[in-house]
Structure formats: C-alpha cells, structure tokens
Amino acid sequence: MNPWFTPTSPPPTVTVVRRPLSDSELDIVRARIHEDAAGPYELVDAVVTAVFDALLTDQGVTYRDHRDDALFDRNNYAIPVTQWTAIVTTVTDRAYTWGAAASAGMNLAALLPASYDDPAVPTPLLTLVDTQPHLVRLDISRDATATVAACQQHLVDLADAYGTDSDLYRVAAASWSLQLTALISAPPGAHRVLHPDGPLSLYVSTDDAGHYGIVFDPLAPHCTVEGCHAVAADGQWQPSHRDATVIDHEHQPSHPADGPQPGRWEARP
Ligand SMILES: [Zn+2]
C-alpha cells in the first residue's frame, strides 16, 4: 500500500492569535496577580487563565475548555514581549512572598502564550498603583543576629533562674515578643535594618521614621518586704524615689545582683 495515498482526516484549522492585550484585559491580569491567591500554583493558574481567556474570547471559548487539551498549542498565541515580560516579572515578585519566585516564574513562562517583539507596544505597569507592596523588608546585620540570639539566651537564663511562672521572666519575655512583633508588623513597604547596640540591645534604622532603639532596661533589685521601697543601685540600698519609705531592716532583694538581670526591652527613640 502506498503510504502517500493513505486517507487522512484533513488537518485541523489552526487559529493563530497574535495581538497585544487591551488595557481592560491588562486590568484583569493585574487584578489576578494581586488578588489573594492560595499559593504560587494558584497565582500562576489565575494569571495564565486571564491571558488566554482574553486571546480566546474571539473564538467564543475559554482557557478552561483547552487547559487539559494535549493538542492545545500555546505557541499559536502570542502577545508582545513587553507585556509578556511585565507579566512574568510582576508575578515573580508576587510569588516571592511564598519564597517561590524562581519556580513560579518558570512555570508561568512555560504556560503563557509565546511572545513577539513589537516596540510600539509599551511595557504595562502591572504593579498596584495605589496600594502598598506585599513585602516588609527586614535586614539583620550579621552582628545583630548574634545579639538577637543573646537576647533569646538571656530569656532562657531568666527562666532557669526564676522559673517560667515568675513575673521576672514573664515581663522580659512579653516585652521581647512585643518588640519583635512590632518589627515584623511594620507597614508594608517599610524597610528596616537591625544593628547590634550593646550586649542585649538593638538599633533599628527605618526608612520612614529614621531610627529607634530596642533597649534592654535592667530592673534594679528592690526590697520585697511590704512597705519598704528600697532599691539596690551600685551595691547600695536607697529609696526608690525621693519620698519613698525605707524600713530599717535587712532588705530582701527581689533577685540577686549577680544572677541574670531581669528587665524589659523597650523601644526608645
Ligand atoms: Zn526593705
């Protein structure tokens, strides 16, 4: 049998769509990039769907009709390289939130239509114009990581010395936790850098308000006897303030001067 005369079905008509996305189509893509996605896979899928839905609309079909179709050739569709690049870079930045920038970028590049060069098509702005970036930047200098570890170790020492149920430990732990929370709940877009500033204190430079310190303020030993307001300073007992009552007795220190120092971390301008 002559293979040249083997009857075959006629080749399917290939529709080629090659055009820029319109402004309104780009608005939808932008919205898909910035809406809440469950993860990088969902983000990529939503963006690819928006792009192909736009290109397929003239054929009266949606991407959903084709997504799992093995014969669907993405390279029959193309958008200008300016738009293509803007989509990939914006999605990659967005996926950075999940630590998935590289994989999301590669998945997206494989799933998007092809691109063609058309210098007349401007690069669209796909970042959010009026809202804030997704990321809070916190950089920690190498020396500051040692200080952070020292602060954590200080809390462990306080727990060992006074117990985790003690006020001395709990006040310190709560104040440390508060300062860390304030650091990482800085306004999105803020960029903070953490520097060491003494054995248990840190210096935070910010791009919005200048700088502030996270300073460990040690608590001086005080007498625990009711009605006595003596505090120890430089090895001497003295009134806690000018008119404070100090009983003439053997004071009972709240904690030894030579143990781990209780105290609290405070933000100071
Ligand atoms: Zn006393």
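Quantities reported herein were computed from a predicted structural model and do not represent experimental measurements.

**Q** Just to check I follow, could you spell out the sheet that holds strand β6 (residues 202-206) for this structure?
**A** Strand pairing in a sheet takes place through backbone hydrogen bonds and is either antiparallel or parallel in direction. Read from one edge to the other, the open sheet built from five strands follows the order β4-β5-β6-β7-β10, with strand pairing classed as mixed. The open sheet terminates on both sides in strands that have one partner only, identified here as β4 (137-140) and β10 (263-268). On average, each strand axis in the sheet is inclined to that of its neighbour by 20°, with strand direction left out of account. Summarising the sheet, β4 and strand β5 (residues 191-196) pair through four bridges and their orientation is parallel. Bridge pairing in β5 links Leu138 to Arg192. Packed on one face of the sheet, helix α6 (residues 142-162) meets β4, β5 and β6 and runs near 70° to β5.

**Q** What is the right way to read α6 from this model?
**A** For the α-helix, the turn length of 3.6 residues means that residues three or four positions removed from each other point alike. For α6, which comprises 21 residues, the first-to-last C-alpha distance of 31 Å matches the rise-based estimate of 30 Å (1.5 Å per residue) to within 8%. Where α6 is concerned, the buried positions are Thr147, Cys151, His154 and Leu158. Here the buried residues of α6 occupy an arc of 55° about the axis, which is enough to place them on one side. Structural note: α6 exposes Arg142, Thr145, Ala149, Gln153, Val156 and Asp160 on the side pointing more than 90 degrees away from its buried face. In this structure, the buried side of α6 is in contact with α7 (167-184), β5 and β6.

**Q** Explain the packing of α6 against α7 here, please?
**A** Relative orientation of the contacting elements α6 and α7 amounts to 160°, with a least axis distance of 9 Å. Relative to α7, α6 is oriented roughly antiparallel. The element α6 and its partner α7 pack so that their crossing is left-handed. Across the interface between the two elements, Cys151, Leu155, Leu158, Ala159 and Tyr162 of α6 pack against Leu168, Tyr169, Ala172, Ala173 and Trp176 of α7. Its residues placed into classes, the contact of α6 with α7 shows ten nonpolar, no polar and no charged.

**Q** Mind showing me how you'd approach the sheet that holds strand β1 (residues 17-18) here?
**A** The three strands lie next to each other as β1-β2-β3, forming an open sheet whose pairing is parallel. Whereas interior strands pair on both sides, the edge strands pair on one side only; in this sheet they are β1 and β3 (114-116). The sheet contact formed by strand β2 (residues 77-80) and β3 spans three bridges and is parallel. Paired with Ala78 across the two strands is Ala114, which belongs to β3. Along the sheet, helix α4 (residues 81-95) contacts β2 and β3; its crossing angle with β2, the most-contacted strand, is approximately 90°.

**Q** Where do I start with the environment of Val16 in this structure?
**A** One can find Val16 in the segment before β1. Residue Val16 is classed as exposed on the basis of its C-beta count, with 9 C-beta atoms lying within 10 Å. Val16 sits 62 residues away from Ala78 along the chain, and the two C-alpha atoms are 8.3 Å apart.

Procedures and definitions
- Residues numbered from 1 in each chain as written.
- Predicted model: local features only at pLDDT ≥ 70, side-chain atom pairs only at ≥ 80, totals over all residues.
- Pairing = 2+ DSSP bridges.
- Helix = DSSP H or I, 4+ residues; strand = E, 2+ residues; numbered from the N terminus.
- Axes fitted to C-alpha atoms, helices over the stretch in contact; angles between N-to-C directions.
- Contact = placed C-beta atoms within 7 Å.
- Expected span 1.5 Å × (residues − 1).
- Buried ≥ 20, exposed ≤ 12 C-beta atoms within 10 Å, placed from the backbone.
- Arc of directions from axis to C-beta.
- Parallel < 35°, antiparallel > 145°, perpendicular 65-115°, else oblique.
- Left-handed = near helix turned anticlockwise from the far one by under 90°.
- Nonpolar A, V, L, I, M, F, W, Y, C, P; charged D, E, K, R; others polar.

Everything listed here is a matter of coordinates, which is why it stays silent on function.
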